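# Observations on the model geometry
Next come the chains, spelled out residue by residue.
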Amino acid sequence: MDIAASPTLHPVKRPTIRFCATDSAMNCTILETENLGKTYNGARTPVEAVRNIDLTIRRGDFTVVMGSSGSGKSTLLYLLSGLEQLTHGTITFEDQRIDGLSQKKLALLRRRGMGFVFQAMHLVPNLTLLENIVVPGSLADQNHQRLERRAMELLDLLEIGRLAHRLPSQLSGGEQQRGALARALINSPTMLFADEPTGALNSSAGQILLDCLSAIHQRGQAVLMVTHDLTAACRGNRVLYMRDGQIVGEKRLDGDDTPTRDAREQALYGWLTQMGW
Amino acid sequence: MTRGHWLLVRSFLMRHKLRNGLLGVVIAASAMLFVTSLGVISGVDQPFETMFRSQAGSHITLMFDSRIHDPDEVVRWWSQREGVEGVQGPLSFVLTEDTVVVDGRDLGTQLWLAEVPLHGLSQDRPLVVSGGEQSAPGPGEIWFPSSLATSQGIQVGDDLTLPVPAGTVTLRVSAVVIDPQFGSVFFNPTRAWVRGGSLPNLFPASRLDGCLVGVRLGDSGQVDAHWQAFTDHLGGAFSGSPVFYSTVRAAWLGTSQMIGSLLLGFSLLSLLVALFIISTTVSSSILADTRLFGVLEAQGFTAGDLRRIYLVTTLALTAVFVPIGLAFGRLTVAAAMTYLLAAMGLVDSSAPFSLHALVTFGVMATAIGAAVVFATRKVSRIRPAEAIRFGGSVKTATGWRPAMRFASRLPVSLNLALRMLLVPRQRALLTVFGMAATSFALLFALNIVNSFANMGDNLGNWGFDGAEVRVMRSGKRSMLTHEELQAHLLEQPGVRVARPMAMLVEGAVPARNGLVSRSLFGTSVEGDLSTIGFQTLSGRSPRDSTEVSLAINTARDYGVSVGDPFELFLLGQPIEFRICGIYQSFSNMGQGFRIQSSVLTAMDPLFEPPMVGLVLEPGTDREALIRQLEADLGEAVDAQVGDLFVADTIAALTGAMSAAFAFVALLFLLVSFAAVFTNTRMDVQEQRQVFGILKTVGLTPGQLRAVQAQKAGILAFAGVALGAALWALLTPALLSGLFSDIGLASFPLTIHLLGSLLVVSAVIFLCSFAAWLSANGIARIGVRALVTE
C-alpha cells in the first residue's frame, strides 16, 4: 500500500497552527506534560500507575510507548487524552491546559483534536462501516454530503471503500480495525492515539494496519501508540520505555544509522534488551 | 441532535428488538388501561347530561300528598320563581300495593305508576328505546323502565300483572323507556307509565292523593337555593319526598365512576410498574453498553449527548406504542361504555376520546421521560478509560448461599438459583415489586367482585336485613289481621324469627346545619332489629319509640353521632329522637333511618307493618315454606325469598365490575410476563460467561434454564407474599375510602380463599414460565463466550 503516493488522495485541511510561534510545523509541540502522575486507591495500598512523567510530543512524532504488562503505558495514553483523570501534574494540549477541564469540555476537545484506535475496534455492531465513521464525524460537521464524501475518501484510502455498507460482523478483524482507523481520522485530529491496535489481529492484517499508520504519519499526522509488539514499535520514529510507571528510556529511530526496517528492528531490540524488556 | 445521534438512536432501537418490543407492550398496556379509566370515569357523564337535557329532566321532583300541600299552589309558586325554566304537573302518582308480576314471574319490587297525557309530557319525558314511536301508552298498555327491563329481561309484548285494590289487572308492555328521574338501578321502586286517565280506573279515589310536580331550573347549581326558598315559603319542612338533581345524577353515575376510579387506581399502579421496568431496563442497558459509552466519549460525545440518545430512544418507543395502546383503548372504552350504558339504559356514549388520548399521551411521555432521565444519571459517572478497558462492572453473585448441609440436599439448579438470586439486585427488586403489584391488583379485584357476588350471604354487613323469606300482606284482599298472620308464621316449623317490618317509611328532616330539608326513606321494625339481621357500625339498633339509628351518610351530612338528638318528620309530624346507633347501608347511597314500629303506631293506630321478615332454622327449605304459606293463606299473602331485589340489582353491578377487573387482571399479567421475560433475557446476556463455564463443567441447558425459572419463581413468591401482605393491610382503608360515599364505611370484604390461592399460584407459575421461555438463549452459549471476553 502506498497511500502517500495515491493520486486520489485529497489533502486533509488543517487549521493554521497559530500556537507555534517560531518552530516549523513538524517540530511544533502539540502535547506536553509536567510531573504527570496517577495514583489508584487500591483496596489496601495506593498504587502509583504513572509517576513523574515529563513528556513532549511534536507534530512530526510517531511516538511508541513500550513496557511490560502493568508498566503504566495504557494509563499514560488515557491520561494524555483526558479519558483518565490525573492525580497530579499538568497536561498541555495545543497550548491549552487540559488537566483542569470538565468532562464535557474534554469531550468537546476530543471531537476535533483527538482520534482513537483501540485493540478491540469497538465498532457499533448494527451500524454499517460508513455509518460508524459518520457518527463521530457528525459532531464536527453537520453537512451530510461533505461528511459522507470525506468518510468514503478515508475508506478508499485504507482500501476498504467497497465495504462501506457492510456491518462489522461481515468484516474481518483487519478490515474492522481499518474502519476504526478511518473513524479516528474523520475529524482530522491533531493527535491520533492507538492502544495496542494490532493486538487482536493476525500478522498480515497487523502489517496492513501498520502500513496505514505509517503512511498517515508520513502525511503529517502525529501518532502516539502503545504496544508490546517489537515489529509495530519499529514503525515509530521515537520509542519510550516505561517501567513501574515511569519513562526510563527514550530511543529515536529516525537517525541515519537505521535506514531500513530491519536495521531499526535490530537497533530497537538491542536497546530494549538493555532496558530490561 | 446530529445525524450521528440519530444513527445511535436507531442502533439502540434495532439492537434489542425483542426487549424493546416487550417494553413497548408494557407501555401500550399502561396507556390502554389509563385511557380506559378516563373514558369510563367521564364517559357516562356526557350521555347522562345529554339524556337529562333532551328529556327535559326536572332538577327538583316533588312527590307529596295533595291533602297536605295544595298542588296548584305549589305549581303556582314555582312557576313564578325566577330561574325556573319549567314546571310540570301536578300529575297523579301511585305506588302499587304489592310487587308486580311479569309473565308469571314475580319481580319482587313495587312500582310507582304515573300517567303520560295523550299530548305527551313537557318535562321528564320518557325516551322510548324499544316499542316504536308513540307519544303515550295506549289503553291496556304500560311503558316499562329500561333499568328494570334490562335486569329482569323484560321485553315489549310481555304482560305485566299489577296488584290493584280490586284484584289484579294485566297490562301489556308496549315500550321500554328511559326514565330520566328514576331510571337508575339504584332507585327502588322505579317508575312505570300508563295512559293519561288510567289511574282512576285502576285505583279508588282514596289512593289518588299522591301528586307529582317537576321543576326544571335554568342552573342546576341553584337547587339548594331554590329549595331553601320554597321551604321558607312553607314555613317549615316540606311534607313529602323531594328528589333532587344531585341524587339523580349520583344514582346514574355512581357505578361507572366507582369502576372508573378503581380502573384509574389500577392504571396508575400499572404505570408505576411500567416506569420501574423502563428504569431498570435502561439501567441494565447502560451497564451492558458501558464500554461503548467510553468509546463514544473518546470520540467526543458528552454524557449529556448519551443521556439524550437514551431519552430519544425511549420516547421513540413511547411515540410508537402509546398510540397502539390508545387504539386498543378506544375499543375497550367503547365496549365498557356499551356495557355500562346498557346496564343503565342509556345509549350513545360520546366521550371525548381524543382529549383523553392526548392527556394519556402527555402523562405517559412525561412520566417515561422523567424515569429515563432519572435512570441515565449514572451515565455521568462513567469513567471513559475504565469503561473502555474493563467495561461495566457486572456484579458477581450475591445471593443467599445455603448452608452446606442443606445445599447438598437441594438440586444443583436450585442451589444456583439461590446463589444468583440478587444478580443484579435492581432487576431482582423489579421482579419482586412487579409481582407484588400484580398480586395486589388481582387479589383486590377478585375479592371485591366476590364480596359483591356473595352479598346475599352477608346482607347485614351491607346494611340490609337478613330476612330469608318475606311475607307481604295483601291487606285489602283478605281479613287476615296482623296478629293472626304473626301467630300463623311463628307456628310454622323452621321459622326461628318473624319480624314485622315496613320498608320505605317516608320521613323528612327539617333544614339544619346549613342543609336544606330533605326526605329520607327508612325502615320500621317491630321488636329486636338484631334478630332479623340488622347491624350497626356504632351504638345499637333502636329499642323503643324514642330512639333512631341513622345511616352513615345521613349522620355525616348532619354531623351527628350516637347520643345526639335528631328530629324527623313522620306522617307529617315532627318527632324528636335520640340517636342510638349508626349503620352502614348500600341502599339509598347510605341515607336512611331505622325506628321501632311503635313510633308509627303511636301516630296512626291503624298502622300495621305490611311485611313480615322471617329468619329460618338452619336447613329449612325456603321454597317449601313459601309454598306452604301460599297454600295456607292463599291470596292473603305474597311470600318470596328475602334477597330477591338485592340479587337482581347487584347482578348488573357485579357483571360490570367483573368485566372491568378481568380486563385489568389480564393487563397486569401481560405486563408481568413481559417484565420477567425481558429481565431473564438481560440476565442470560450478562451472565453468559458464567453460563458458559457451567456448561463446560457439565450442566445441561435444561438445568441452566431451570436455574432461571426457579430464580424467577422464588422472586415471584417473595413478591406475591409482599403483595398479599400489602393487600391485607391496605385494602380495608382503600375500600372504605372508595365506597364510603355510597354508604359503606366498612366494606364487608368476603375473601375467596381458593380463588386467592389460585391467583397467587398463577402469578408465580407465570413468572417461572416466562423465565423458562426467555432462557432459551442459554442453549446457544458456547465455549467461545469464555474466549472472546
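Residues numbered from 1 in each chain as written. Chains lettered and ligands numbered in written order. Predicted model: local features only at pLDDT ≥ 70, side-chain atom pairs only at ≥ 80, totals over all residues. Heavy atoms only, no water.

## Structural notes on the overall build of chain A
- In terms of regular secondary structure, chain A is built from eight helices and ten strands.
- Taking all 277 residues of chain A together, 55% fall into the buried category.
- Partitioning the intrachain contacts of chain A with sequence separation of at least 6 by distance along the chain shows that 72% fall at a separation of at least 24.
- Carbon and sulfur atoms make up 45% of the accessible area of chain A, which totals about 12400 Å². (Helix = DSSP H or I, 4+ residues; strand = E, 2+ residues; numbered from the N terminus. Buried < 20%, exposed > 50% of the residue type's maximum accessible area, 1.4 Å probe, protein only. Contact = heavy atoms within 4.5 Å. Areas by Shrake-Rupley, 256 points an atom, 1.4 Å probe, with all protein chains shown as cover.)

## Details of the overall build of chain B
- Broken down by element type, chain B carries 25 helices and 22 strands.
- If you line up chain B on its principal axes, its C-alpha atoms span 100 × 60 × 50 Å.
- When each of the 789 residues of chain B is scored for burial, the buried share is 56%.
- Taking as baseline every contact in chain B between residues at least 6 positions apart, the subset at least 24 positions apart corresponds to 81%.

## Description of the sheet that holds strand 1 (residues 29-41) of chain A
All names here are of chain A.
- Judged by pairing direction, the sheet is antiparallel, and its four strands sit side by side in the order 2-1-4-5 without closing on themselves. At either end of the open sheet lies a strand with only one pairing partner, and these are strand 2 (46-58) and strand 5 (96-97).
- By the bridge criterion, nine bridges tie strand 1 to strand 2 in an arrangement that is antiparallel. Counterpart to leucine 36 in the pairing with strand 2 is isoleucine 53.
- The sheet contacts of helix 1 (residues 73-80) involve strand 1, strand 2 and strand 4 (88-93), and relative to strand 1 the element is tilted by about 120°. (Pairing = 2+ DSSP bridges. Axes fitted to C-alpha atoms, helices over the stretch in contact; angles between N-to-C directions.)

## Digging into the nonpolar core
- Counting residues in hydrophobic clusters, the biggest one holds 198 residues, and the most contacted among them are A:Leu181, B:Leu62 and B:Trp78.
- The element best represented in this core is helix 8 (residues 245-288) of chain B, accounting for 18 residues.
- Every residue in contact with B:Trp78, bar those within four places of it in the chain, is listed here: B:Ile60, B:Leu62, B:Val84, B:Val87, B:Val215, B:His226, B:Trp227 and B:Phe230.
- If you look at the next biggest cluster of nonpolar residues, it comprises 33 residues, including A:Ile53, A:Leu55, A:Leu80 and A:Leu83. (Core = buried A, V, L, I, M, F, W, Y, C linked by side-chain atoms within 4.5 Å.)

## Focus on unusual backbone geometry
- With an omega dihedral of 0°, the bond running from B:Gly89 to B:Pro90 counts as a cis peptide bond.
- In this fold, B:Pro90 is placed in strand 2 (residues 84-95).
- Even without being glycine, A:Asn52 reaches a positive phi, approximately 55°.
- Here A:Asn52 shows up in strand 2.
- On the basis of relative accessibility, which here comes to 42%, the residue A:Asn52 falls in the partly exposed class.

## A look at the interface of chain A and chain B
- Residue-level contacts link 29 residues of chain A with 25 residues of chain B.
- Between chain A and chain B, roughly 2400 Å² of surface is buried when both sides are summed, and carbon and sulfur atoms account for 62% of that area.
- Scanning the region where chain A abuts chain B turns up three salt bridges.
- Measuring nitrogen to oxygen at the nearest pair gives 2.9 Å for the salt bridge that ties B:Asp305 to A:Arg111.
- Inspection of the chain A/chain B interface yields ten residue pairs in polar contact (both at pLDDT 80 or more).
- Contributions of two or more residues to the side of chain A that touches chain B are made by helix 1, helix 2 (103-113), helix 3 (129-140) and helix 4 (144-157) of chain A.
- Here the residues of the side of chain A that touches chain B are counted per class, giving 14 nonpolar, eight polar and seven charged. (Buried area = accessible area lost by both parts, 1.4 Å probe. Salt bridge = Lys/Arg side-chain N within 4 Å of Asp/Glu carboxyl O. Polar contact = N/O pair within 3.5 Å; in protein donor to acceptor, adjacent residues only side chain to side chain. Nonpolar A, V, L, I, M, F, W, Y, C, P; charged D, E, K, R; others polar.)

## Some points on the sheet that holds strand 6 (residues 114-117) of chain A
Residue and element names in this part refer to chain A.
- Taken together, six strands build an open sheet; the order of strands is 6-7-8-3-9-10 and the sheet is mixed. Each edge of the open sheet is held by one strand with a lone partner, namely strand 6 and strand 10 (246-252). Neighbour to neighbour, the strand axes of the sheet diverge by 20° on average, direction disregarded.
- When strand 3 (residues 62-67) meets strand 9 (residues 238-243), the two strands line up parallel, connected through five bridges. Across the sheet, residue methionine 66 finds its bridge partner in strand 9, namely tyrosine 241.
- In the packing of helix 5 (residues 173-185) onto the sheet, contacts are made with strand 6 and strand 7 (191-195), and the angle to strand 6 comes to roughly 170°.

## Regarding the packing of helix 8 of chain B against helix 11 (residues 353-375) of chain B
Residue and element names in this part refer to chain B.
- Running from N to C, helix 8 and helix 11 cross one another at 35°; their axes reach a closest spacing of 9 Å. For the pair helix 8 and helix 11, the crossing hand works out as right-handed. Between helix 8 and helix 11, the residues in contact are Leu271, Leu275, Ile278, Ser279, Val282, Ser283 and Ile286 and Val363, Met364, Ala367, Ile368, Ala371, Val372 and Ala375, respectively.
- Of the residues belonging to the contact of helix 8 with helix 11, the class tally is twelve nonpolar, two polar and no charged. (Left-handed = near helix turned anticlockwise from the far one by under 90°.)

## Section: a nonpolar patch on the surface
Residue and element names in this part refer to chain B.
- Nonpolar side chains collect at one region of the surface, where Leu722, Leu726, Leu729, Leu730 and Leu734 lie side by side and expose about 440 Å² of accessible area between them.
- Tracing the chain through its elements places leucine 730 in helix 23 (residues 701-739).
- Judged by relative accessible area, leucine 730 falls into the partly exposed class, the value being 42%. (Patch = residues over 30% accessible without salt bridge, like charges linked within 9 Å, V, L, I, M, F, W, Y side chains within 5 Å.)

## A few points about the environment of B:Asn188
- Along the polypeptide, B:Asn188 turns up in the loop between strand 9 (167-178) and strand 10 (190-195).
- Taking the C-alpha atoms as reference points, B:Asn188 and B:Ser587, separated by 399 residues in sequence, lie 9.0 Å from one another.

## Concerning the packing of helix 22 (residues 688-696) of chain B against helix 23 of chain B
Residues and elements named next belong to chain B.
- The N-to-C vectors of helix 22 and helix 23 enclose an angle of 140°; their axes lie 10 Å apart at closest approach. As far as their axial angle goes, helix 23 and helix 22 are oblique. Once helix 22 is placed against helix 23, the crossing between them reads as right-handed. Every residue of helix 23 that contacts helix 22 at Phe691, Leu694 and Lys695 is listed here: Pro701, Leu704 and Gln708. (Parallel < 35°, antiparallel > 145°, perpendicular 65-115°, else oblique.)

## A few points about the packing of aromatic side chains
Residue and element names in this part refer to chain B.
- By the definition in use, this model includes 27 aromatic pairs over all chains.
- Centroid distance phenylalanine 266 to phenylalanine 444: 5.8 Å. Interplanar angle 80°. Geometry classified as edge-to-face. Residue phenylalanine 266 is found in helix 8, and its partner phenylalanine 444 is found in helix 15 (residues 425-453); the two are separated by 178 residues along the sequence.
- For phenylalanine 266, a relative accessible area of 5% puts it in the buried group.
- A residue is classified by how much of its surface remains accessible, and phenylalanine 444, at 4% relative accessible area, is buried.
- Both rings, one in phenylalanine 276 and one in phenylalanine 433, keep their centres 5.1 Å apart while their planes meet at 85°; by these two values the pair is edge-to-face. Placement of the pair is phenylalanine 276 in helix 8 and phenylalanine 433 in helix 15, with a sequence separation of 157 residues.
- Residue classification places phenylalanine 276 among the partly exposed positions, given a relative accessible area of 24%.
- The exposure class assigned to phenylalanine 433 is partly exposed, which follows from its relative accessible area of 29%.
- Pairwise contacts between aromatic rings join Trp77, Trp78, Trp227, Phe230 and Phe244 into one cluster.
- A cation over a ring is seen here: arginine 377 above phenylalanine 374, with NZ or CZ 3.8 Å from the ring centre. (Phe/Tyr/Trp six-rings, centres within 6.5 Å; stacked < 30°, edge-to-face > 60°. Lys NZ or Arg CZ within 6 Å of the ring centre and 35° of its normal.)

## Considerations on the side chain of B:Ser756
- Its location among the elements puts B:Ser756 in helix 24 (residues 753-774).
- Within the structure, B:Ser756 has its side chain in polar contact with the backbone oxygen of B:His752 (distance 2.8 Å).

## Quick word on helix 11 of chain B
- Helix length check: helix 11 of chain B (23 residues) gives 32 Å between terminal C-alpha atoms against 33 Å at 1.5 Å per residue, within 8%.
- By the burial criterion, the buried members of helix 11 of chain B are B:Phe353, B:His356, B:Ala357, B:Thr360, B:Met364, B:Ala365, B:Ala367, B:Ile368, B:Gly369, B:Ala371, B:Val372 and B:Ala375. (Expected span 1.5 Å × (residues − 1).)

## Considerations on helix 7 (residues 223-234) of chain B
All names here are of chain B.
- Taking 1.5 Å of rise per residue, the twelve residues of helix 7 would be expected to cover 16 Å, and the 16 Å separating its terminal C-alpha atoms lies within 8% of that figure.
- Along helix 7, the residues classified as buried are Val223, His226, Trp227, Phe230 and Thr231. Looking down the long axis of helix 7, one finds its buried residues gathered within 130° of arc, a one-sided arrangement.
- Contacts from the buried residues of helix 7 go to strand 1 (60-65), helix 4 (71-79), strand 11 (210-217), strand 12 (240-244) and helix 8. (Arc of directions from axis to C-beta.)

## Things to note about the pattern of salt bridges
Residue and element names in this part refer to chain A.
- The full count for this structure, using the stated rule, is 26 salt bridges over all chains.
- Measuring nitrogen to oxygen at the nearest pair gives 2.8 Å for the salt bridge that ties glutamate 250 to arginine 238. In this pair, glutamate 250 sits in strand 10 while arginine 238 sits in strand 9, placing the two residues twelve residues apart along the sequence.
- When its relative accessible area of 43% is taken as the criterion, glutamate 250 is described as partly exposed.
- Because the salt bridges share partners, they merge into one network encompassing Asp61, Arg238, Glu250 and Arg252.

## Some thoughts on the pairing of strand 21 (residues 611-616) of chain B
Residue and element names in this part refer to chain B.
- Within strand 21, six of the six residues are buried, which leaves it mostly tucked inside the rest of the structure.
- Burial along strand 21 is two-sided: Met611, Gly613 and Val615 and Val612, Leu614 and Leu616, pointing in opposite directions, are all buried.
- Of the strand pairs in this sheet, strand 13 (residues 469-473) and strand 21 are connected by four bridges, and their pairing is antiparallel. Bridging from a neighbouring strand, methionine 472 pairs with methionine 611 of strand 21.
- Strand direction decides the pairing type here: strand 14 (residues 495-509) and strand 21, joined by six bridges, are antiparallel. Looking at strand 21, one finds that arginine 499 is bridged to glycine 613.

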